[in-house]
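Tertiary structure, described
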Amino acid sequence: MRWKRFLSIVALVSAVGLGIGVCSMAQSNFMVQCPADNDGIDADGDGDPTNDIVCKHLTAGDGFATMADGTVMYTFGFSEVPEDVPPGQVFALRQVKAELPGPTIVLREGQELYLNLTNVGMINRPDLFDTHSVHWHGIPNSGSIFDGLPESAPTVKIGATFPYYYATLGKEGTYFYHCHVEVTEHMQMGMIGQIYVLPRQDQDMVLRSSGNPPYAGFAYNDGDGSTGYHVSKAIQLAGFDSRFHAQHIAIQNLPFAQLKDDYHLMNGRGYPDTINPNLLGASPENNGHFSQRMDARIQARQGERVLLRVHNISTTHLFTVRVLGIPMKVVGIDGKLLRNGSKDLFYETSSLTIGGGQAADLLLDTTGVPPGTYFFYTTNLSELINGQEERGGIMTEIVVCPASGCGT
Amino acid sequence: MRKSRWFGLALGAWAMLEMTTAAWTQAKIIGVEGTSFDLVARQDRITLGDGDSMLMWGFALGEGRMQYPGPTLILRQGDTVTVTLRNSLPREAGNVSIVFPGHEVTASGGVEGVLTREAPPDNTTVVTYTFTATRPGTYVYHSGTRPDLQVEMGLVGVIVVRPANPTPTPDCSPVPQGHNEAPPRSLCAGTKFAYDHPDTAYDREFLILMTDMDPRVHRLVEFGRIREIDTTNFFQTVWFANGRNFPDTIANAQVPWLPTQPYNALFLMHPGERLLVRMATLGRDPHPLHFHGNHVRVIAKDGVLLSSGLGAGSDLSYERYTVAVNPCETVDAIYTWTGALMGWDIYGHAPGDPLAPYEFIGDHGANFPVILPSRDDVKFGQLYSGSPFLGGEGFLPPEHAGLNVGGGFFYMWHSHTEKELTNNNVFPGGLITFLGVVPWNVPLESE
Ligand SMILES: [Cu+2]
């Protein structure tokens, strides 16, 4: 029995080897796996049978992020390898730095994701030899080999690459990913990113045109357009404990017991950086490389529906978030449409509590909402801070423009 | 790193202890059934995941030792239940009582307290609590006297009430060879129910009680400085699942080296089985419990089925990948796992091979999608079998503990307030436990 299975595994591996377009390179351990999509099947239903395989090459390493009060913090993080970097030079050039949050991964339901993770090491902590991983938090029916747990799977050493594979059929919704190695430390250090799967229903042009104006897409396969939106924004709530990061770069013992975030972040930034459209984080410590590449601004025209994909990945805090002045409806939680059979479990609210590891899909309807600036923020007032600085932390602005448009 | 080595040592030591017993088979709710229970509040010690020893106050069954948490009381709906309490704690602990949230309790004996009648620390006075278990579900019990101190000190426990009504006709169809939809039907729908409705059928049930600790409180009690305790600046640094910290959470239940922490928190199942997961929190903070492997379907809270009306079943149930359980709250959920829609055959089958039980037909025979890196490029987890396939095995380095006998898929179930994955400043620990999905040829203890 066991022998037979072993044989079949060997056979499979060699068979797979033939089918995959393996880039050859100077160092074999930088192998990036990305098979061609030549099966002739249009798995994501967008009309193109050749675009159903998505390949990503991420690095896991370290860097620095700059908080809204100017404090520079040492981070671990993910970054995406540009296509023009030869795989053999990823490690040597060290040009791919930790980003906060990591690159956002957006997939169409039906697509397959080959996520190649290269551990480029922590150049500012050469004493560390940690492995890294990707854990796609919440994906239904995960296989432990691709779950990123250092306890139940292999995790990749410095200088090597691990291929993660995910199929997305039936898995539309809002998720996120993080490294699961030394997970309290690596998540607190910033190894966090967003991932979401657009539903097949986005290909249904009839349903999309049921919106006025037509919907840009749907949060889920709802069958009736009830989760249709015109504008969407993914927002990651997180936080840093400045003492933990300072101890880390100083090569001191890490204060797990005292861990308590004092910088509260939306997409890696505290207010008012959340509404700054520019790339940020290019401190001298980070060699001028922009580490915070994502804002949290939201802009919609009056009458449009805004989908907020919100999740909390703080290692210490639960957050209650609120939008003042715009009706808010919860249509999904934890990557699932809020519906049981034919029974809608949607609900309207003005605030929502999101614990670590939870996500929510919030639909804001700006119909009849006077043009102006509205705030999306945490009602935990002590978390509206950037360290010692007040009026910061988890807050961003939603600009509702006149129905005629936002101008320039 | 230093921390990882510690983890290896702890797991290794634990594994050696486990070798004398049948590892990976002991996973179920252990409790005491009946209608009358004699509880005694006693002082004793527990062992934390980092090896520290901590003074506790807890409930003991009769003349037994105090245990943390207290005995899980397993009741049958409709039974009238009597719980007697005697207080054997040191005099400075003061009175003790028990409250049973969700039940209408009559108390007699002892002295009048703020919430209920209390037993003074004389080791003699008996307080009697009587209630009828009117509704099935998961409940907690805890001290109702100075709960800010006494819940922290360990006077907590869980109550499970099983439904009394005759269950719908059992449908014990044989294990299907394959299925083509998710989620699957139960192995034997109708055998066991959490509530009086087929929606709540399950094959196996588990319990996870989440608690927290501020060791400073326990040290002050130990040093006789109880008056100096200030519970307003409470600051947890240790977190528990069923009274243990990881890695002890996944050791067997009732091991001799944890005499006052008899319950483990290891979850085990075969693919396609339905797990009833009973969650409860006592202490100060909500704990967002994250389920690796799949979503759970939340069917009840505080012993109340999420239902729009009689006979509607759990029609208000919902799926979650993280369930935040608030202090003193209970949540019941159903979890299942088949590996459906993964895009590759998790058994490593060739297309012509027979299907495994509950195997997802759509992925049958599909190739493993990647080439795994060479053994030198990776670090192997202690719960990795050496093979990506369910029931598989493969190369493991010589120093590997080889804990995953049978080739199961192991999923961490843990608090996603990741700070809580530590034991007093040491990672990993705290509120971590595991679910093992093991192939059908690995037998699991029947309930
Ligand atoms: Cu990491």
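You'll find the structure just up there.
Below: a short report on this structure. (Residues numbered from 1 in each chain as written. Chains lettered and ligands numbered in written order. Predicted model: local features only at pLDDT ≥ 70, side-chain atom pairs only at ≥ 80, totals over all residues. Heavy atoms only, no water.)

If you tally the helices and strands in chain B, you get three helices and 27 strands. The proportion of buried residues among the 447 residues of chain B is 62%. Across chain B, every contact between residues at least 6 apart in sequence was considered, and the portion connecting residues at least 24 apart equals 69%. Entry remark: accessible area of chain B is about 15,600 Å², with carbon and sulfur atoms responsible for 54%. (Helix = DSSP H or I, 4+ residues; strand = E, 2+ residues; numbered from the N terminus. Buried < 20%, exposed > 50% of the residue type's maximum accessible area, 1.4 Å probe, protein only. Contact = heavy atoms within 4.5 Å. Areas by Shrake-Rupley, 256 points an atom, 1.4 Å probe, with all protein chains shown as cover.)

Glancing now at the environment of Arg391 of chain A. All names here are of chain A. Along the chain, Arg391 falls in the loop between strand 26 (389-390) and strand 27 (395-401). Among the residues examined, Arg391 registers a relative accessible area of 70% and is labelled exposed. Distance from Arg391 to Gly63, taken between C-alpha atoms, is 26 Å for residues 328 residues apart in sequence. Setting aside residues no more than four positions away along its own chain, Arg391 makes contact with Tyr271 and Leu384.

In the structure shown here, the tally under the stated rule is five cavities of 30 Å³ or more. Volume-wise, the largest cavity comes out at about 110 Å³. When its volume is computed, the second largest cavity comes out at roughly 90 Å³. By residue class, the composition of the lining of the second largest cavity is nine nonpolar, three polar and one charged. (1 Å grid on protein atoms, 1.4 Å probe; cavity = no way out; pocket = protein on both sides within 12 Å on 5 of 7 lines; lining within 4 Å. Points joined across faces, edges and corners; volume = space filled by probe spheres on them. Nonpolar A, V, L, I, M, F, W, Y, C, P; charged D, E, K, R; others polar.)

Turning to the interface of chain A and chain B, a few remarks are in order. Chain A puts 79 residues into the contact, and the matching count from chain B is 76 residues. Of the roughly 6,500 Å² buried at the junction of chain A and chain B (both faces included), carbon and sulfur atoms supply 59%. Applying the counting rule to chain A against chain B returns two salt bridges. Between Asp315 of chain B and Lys343 of chain A there is a salt bridge, with its nearest N and O atoms 3.6 Å apart. Here chain A is connected to chain B by 44 residue pairs in polar contact (both at pLDDT 80 or more). Contributing elements (two or more residues each) for the side of chain A that touches chain B: helix 1 (2-19), strand 5 (135-137), strand 6 (154-156), strand 7 (161-167), strand 8 (173-178), helix 3 (183-188) and strand 23 (358-365) of chain A. In terms of residue count, the dominant contributor to the side of chain A that touches chain B is helix 1 of chain A (seven residues). Looking at side-chain class alone, the side of chain A that touches chain B contains 38 nonpolar, 29 polar and twelve charged residues. Across three bridges, strand 6 of chain A lies against strand 25 (residues 378-380) of chain B in antiparallel orientation. Looking at strand 25 of chain B, one finds that Val156 of chain A is bridged to Val378 of chain B. (Buried area = accessible area lost by both parts, 1.4 Å probe. Salt bridge = Lys/Arg side-chain N within 4 Å of Asp/Glu carboxyl O. Polar contact = N/O pair within 3.5 Å; in protein donor to acceptor, adjacent residues only side chain to side chain. Pairing = 2+ DSSP bridges.)

Turning next to the coordination of the copper ion. Residue and element names in this part refer to chain A. Every protein donor of the copper ion is accounted for by His132 (ND1), Cys179 (SG), His186 (ND1) and Met191 (SD), and the metal-donor separations fall at 1.9 to 2.8 Å. Each of the four donor atoms bound to the copper ion contributes to angles spanning 83 to 124°, and the resulting shape is irregular. Along the chain, the residues that donate to the copper ion are spaced as H-x46-C-x6-H-x4-M. Of the two residues, His132 is situated in the loop between strand 4 (112-121) and strand 5 and Met191 in the loop between helix 3 and strand 9 (192-198); the sequence distance between them amounts to 59 residues. The pair His132 / Met191 is uniform in exposure class, with both members buried. (Donors = N, O, S within 2.8 Å, 3.2 Å for Na, K, Ca; no water. Tetrahedral: all angles 85-135°; square planar, octahedral: opposite > 155°, others 65-115°.)

All right, on to the side chain of Asp62 of chain A then. Residue and element names in this part refer to chain A. When you line up the elements, Asp62 lands in strand 1 (residues 53-66). A polar contact is formed between the side chain of Asp62 and the backbone nitrogen of Ile123, at a distance of 3.1 Å. A polar contact of 2.8 Å, which involves the side chain of Asp62, links it to the backbone nitrogen of Asn124. Discounting chain neighbours no more than four positions away, the residues touching Asp62 are Tyr74, Thr75, Phe76, Lys97, Ala98, Gly121, Met122, Ile123, Asn124 and Arg125.

Residue and element names in this part refer to chain A. Under the definition given, this model contains two disulfides over all chains. Covalent S-S linkage joins Cys401 and Cys406, the inter-sulfur distance amounting to 2.1 Å. The S-S bond linking Cys401 to Cys406 shows a torsion near 100°; that makes this disulfide right-handed. (Disulfide = S-S within 2.5 Å.)

With that settled, the discussion passes to the pairing of strand 4 of chain A. All names here are of chain A. Among the ten residues that make up strand 4, nine are buried, leaving the element largely enclosed by the rest of the structure. Bridging between strand 1 and strand 4 involves nine bridges; their strand directions are parallel. For Ile53, the partnering residue across the bridge sits in strand 4 and is Glu112. Bridging between strand 4 and strand 7 involves seven bridges; their strand directions are antiparallel. Directly across from Thr118, in strand 7, lies its bridge partner Thr161.

This brings us to the sheet that holds strand 1 of chain A. Residues and elements named next belong to chain A. Read from one edge to the other, the open sheet built from four strands follows the order 2-1-4-7, with strand pairing classed as mixed. The open sheet is flanked by strand 2 (72-80) and strand 7, the only strands paired with a single partner. For this sheet, the mean angle separating the axes of adjacent strands, direction not counted, is 20°. Of the strands in this sheet, strand 1 and strand 2 touch helix 5 (residues 242-249), which is tilted by about 85° from strand 2. (Axes fitted to C-alpha atoms, helices over the stretch in contact; angles between N-to-C directions.)

A few words on unusual backbone geometry. Look at the link from Tyr271 of chain A to Pro272 of chain A: it is a cis peptide, with omega at 5°. Residues Phe246 of chain B and Pro247 of chain B are joined by a peptide bond in cis, for which omega reads 5°. Here Pro247 of chain B lies in the loop between strand 16 (238-241) and strand 17 (267-269). Despite not being glycine, Asn424 of chain B shows a phi value in the positive range, around 50°. Mapped onto the elements, Asn424 of chain B comes out in the loop between strand 26 (409-415) and strand 27 (432-437).

Considering all chains together, one arrives at 36 aromatic pairs over all chains under this definition. Here the aromatic rings of Tyr271 of chain A and Phe375 of chain A are separated by 6.5 Å at their centres, their planes lie at 70°, and the arrangement is edge-to-face. Residue Tyr271 of chain A is found in the loop between strand 13 (263-266) and strand 14 (298-301), and its partner Phe375 of chain A is found in strand 24 (residues 372-378); the two are separated by 104 residues along the sequence. Residue classification places Phe375 of chain A among the partly exposed residues on the basis of a relative accessible area of 29%. Among the aromatic residues, those joined into a cluster by ring pairs are Trp136, Phe162, Tyr164, Tyr166, Tyr175 and Phe176 of chain A together with Tyr321 of chain B. Here the basic side chain of Arg284 of chain B rests over the ring of Phe234 of chain B, its NZ or CZ set 4.1 Å away from the ring centre. (Phe/Tyr/Trp six-rings, centres within 6.5 Å; stacked < 30°, edge-to-face > 60°. Lys NZ or Arg CZ within 6 Å of the ring centre and 35° of its normal.)

Residues and elements named next belong to chain B. Enumeration over the complete set of coordinates arrives at 25 salt bridges over all chains. Linking Arg65 and Asp44 is a salt bridge whose minimum nitrogen-to-oxygen distance equals 3.0 Å. Here the residue Arg65 occupies a position in the loop between strand 3 (53-61) and strand 4 (66-67), and Asp44 occupies one in strand 2 (residues 36-47), the gap between them amounting to 21 residues. Between Glu319 and Arg297 there is a salt bridge, and its shortest N-O distance comes to 3.4 Å. In this pair, Glu319 is assigned in strand 22 (residues 318-320) and Arg297 in strand 20 (residues 296-301), connecting sequence segments 22 residues apart.

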